[in-house]
Amino acid sequence: MSSSELNPDIIYDWNRHPPDTAPFARGFSLFDETLRDGIQSPSVHDPDIEDKIRIVELLDAIGVEYLDVSLPGSGPRAVEDTERIIRAIADRKLRIRPACAARTHLNDIRPIVEISQRTGTAIEVMTFIGSSPIRVFAEDWDADRMLKLSAEAIDFCVQNNLPACYVTEDTTRAHPDMLASLFRNAMDHGAYRLCLCDTVGHATPEGVRSLLRFTSALVAAHGLEDRILIDWHGHNDRGLAVVNAMVALQSGADRVHGTVLGVGERVGNAAIDQILVNLFLLGVLPGARDLSKLVELASVVSRACQVPIPYNYPVLGSDAFRTATGVHAAAIIKAERKGDAPLADRIYSSVPAGLFGRQQEIEVGPMSGESNVQYWLRRRGITVDNAVVKKILAYAKTQVRLLTSDEIMALVNAG
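Residues numbered from 1 in each chain as written. Predicted model: local features only at pLDDT ≥ 70, side-chain atom pairs only at ≥ 80, totals over all residues. Heavy atoms only, no water.

1. Considerations on the pairing of strand 3 (residues 97-103)
Inclusion rule: Exposure categories follow from relative accessible area, calculated using a 1.4 Å probe and restricted to protein chains: below 20% of the type maximum is buried, above 50% is exposed, and the middle band is partly exposed. Secondary structure elements follow DSSP: runs of H or I no shorter than four residues count as helices, runs of E no shorter than two count as strands, and numbering proceeds from the N terminus. DSSP calls a pair of strands paired once it identifies at least 2 bridges connecting them. By the criterion used throughout, a crossover qualifies as right-handed when its path from the first strand across the helix to the second strand runs clockwise, the strands pointing away from the viewer.
Most of strand 3 is tucked away: five of the seven residues are buried. Two elements, strand 2 (residues 66-70) and strand 3, share four bridges in a ladder whose sense is parallel. Residue pairing across strands places D68 opposite A99, the latter belonging to strand 3. Assessed by its sense of winding, the connection that carries the chain from strand 2 through helix 2 (residues 76-91) to strand 3 is right-handed.

Laid out in structure tokens, this is it:
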């Protein structure tokens with residue numbers, strides 16, 4: 001089911017009012033960081049290789065274009081897993097394109113070059129360095145050394161025919177003069193992308209817009225607006241990561257990063273699953289996507305990384321399409337009686353459950369009405385008289401939680 005199946009006259013959508021500038025006009029792509037930045041969370045387990053490959057397959061199925069496979073410089077296991085994943089991408093003819101992270105040190109980039117040569121695959125190198133005054137002060141860096149390290153790293157990528165994305169950590173707290181110097185240096189040495197990082201989740205939407213405007217103008221002034229692409233990488237410390245990713249796309253970013261379920265350091269990264277859902281609902285998600293695979297993808301990541309999915313997590317949580325409130329349930333039931341499944345799926349939900357292979361669920365609890373009980377029984381093919389319905393509802397009103405299936409069936413069987 002798609003959102004277009006619902007009669008457009010049935011919902012007035014303020015989200016589609018024309019903004020001052022057309023959003024997403026440049027086109028864009030998505031970059032998944034689950035297996036690199038995501039597993040840096042202190043509470044996340046590093047999945048085994050078979051689970052990693054399955055995660056990559058599912059990311060490909062939902063149309064994510066790029067994947068950060070790992071940071072091979074971190075050790076032998078990362079090197080081995082990276083090579084196996086990249087071979088799996090080639091063997092299974094997946095469309096997703098691999099990248100690897102590296103500090104601006106040749107020792108980090110060299111393993112990526114070697115994996116690329118062994119597999120015959122061009123691997124994008126995400127070579128990063130801190131850029132904010134607080135990082136420079138803490139690390140005792142100076143601008144000349146930062147420029148030298150950056151130039152050497154990018155040169156090494158170019159010499160080995162690997163695309164280089166230059167990543168400035170903590171971009172959202174960096175001084176414009178420092179960024180201008182670093183970005184010009186990166187462009188001069190052959191980087192094809194600049195990645196703006198909200199490493200500590202500092203940015204607000206207006207900060208995102210300002211930084212994108214600044215970077216786009218800098219690239220244009222350098223005469224490279226047709227060659228240099230801009231990435232956005234955001235964290236969720238202020239709870240703004242998904243919103244900021246959407247704003248970044250509207251402000252000219254060519255690619256945004258995220259992780260499944262928002263896993264990542266501290267409170268995590270932008271949730272790529274939520275970004276996908278919002279782009280779909282706005283009608284701007286390019287290409288064919290099987291978003292029903294999001295449920296399986298989240299399940300695999302949750303199990304393999306040992307990260308529980310909160311019950312109230314958007315779209316994927318157990319309560320995302322579930323209600324026990326009488327008013328809500330009655331509206332869903334009335335919509336279903338009209339024979340209009342999309343209407344029933346949207347009457348109390350801005351997200352269509354059917355898109356994800358799920359359905360609206362009606363339970364029985366202390367805030368329910370008789371319609372909840374009737375619906376619950378009818379869904380299970382149970383026909384009972386009104387006295388039993390009233391008995392079940394009366395019992396529910398004495399509770400402080402939803403009734404279990406066993407409790408309801410015990411009351412049905414008792415007559």
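2. Some details on the pattern of salt bridges
Cut-off, in case you're wondering: The salt bridge definition used is simple: a Lys or Arg side-chain nitrogen within 4 Å of an Asp or Glu carboxyl oxygen.
Counted by the stated rule, this structure contains 33 salt bridges. Between D46 and R77 there is a salt bridge whose closest N-O contact spans 3.3 Å. Separated by 31 residues along the polypeptide, D46 in the loop between strand 1 (29-32) and helix 1 (49-61) and R77 in helix 2 bring together distant segments of the chain. With a shortest N-O distance of 2.8 Å, E83 and R118 are connected by a salt bridge.

3. Quick notes on the packing of helix 2 against helix 3 (residues 106-119)
Selection rule: Fitted lines through C-alpha atoms give the axes, limited to the stretch in contact for helices. The angle between two N-to-C directions lies from 0 to 180 degrees. Each helix crossing is assigned a hand: it is left-handed if the near helix lies turned anticlockwise from the far helix by less than a right angle, otherwise right-handed if that turn is clockwise. Note on definitions: a residue-residue contact is assigned when non-hydrogen atoms from the two residues lie within 4.5 Å. In the scheme used here, Gly and all other residues not listed as nonpolar or charged are polar, with Ala, Val, Leu, Ile, Met, Phe, Trp, Tyr, Cys and Pro taken as nonpolar and Asp, Glu, Lys and Arg as charged.
Where helix 2 contacts helix 3, the two axes come as close as 10 Å, and the packing angle between them is 35°. Crossing handedness for the pair helix 2 and helix 3: right-handed. Of helix 3, the residues touching helix 2 (which contributes V79, T82, E83, I86 and R87) are P111, I115, R118 and T119. Considered class by class, the residues forming the contact of helix 2 with helix 3 number four nonpolar, two polar and three charged.

4. Topic: the packing of helix 3 against helix 5 (residues 143-159)
Note the following rule: Angular relationships are summarised with four words: roughly parallel below 35 degrees, roughly antiparallel beyond 145, roughly perpendicular across 65 to 115, and oblique for the angles in between.
Contact geometry of helix 3 with helix 5 gives a least axis separation of 10 Å together with a crossing angle of 15°. Taken as axis vectors, helix 3 and helix 5 run roughly parallel relative to one another. By crossing handedness, the relation of helix 3 to helix 5 is classed as right-handed. Where helix 3 approaches helix 5, its residues L106, I109, R110 and V113 are matched on the opposing element by E152, A153, F156 and C157.

5. Overview of the environment of V412
Mapping V412 onto the fold places it in helix 15 (residues 405-414). A residue is classified by how much of its surface remains accessible, and V412, at 14% relative accessible area, is buried. Taking C-alpha positions, V412 is 55 Å from D91, a pair spaced 321 residues apart along the chain.

6. Remarks on the side chain of R358
Filter applied, for reference: Whenever a nitrogen or oxygen atom comes within 3.5 Å of another N or O atom, the pair is scored as a polar contact, on the condition that within protein one atom can donate a hydrogen and the other can accept it, and that pairs from neighbouring residues in sequence are kept only if both atoms are in side chains.
Here R358 lies in the loop between helix 12 (341-346) and strand 10 (361-362). Only 2.7 Å separates the side chain of R358 from the backbone oxygen of V315, close enough to count as a polar contact. Setting aside anything within four residues of it in sequence, one finds R358 in contact with V295, V315, L316, G317, S318, A320, F321 and A353.

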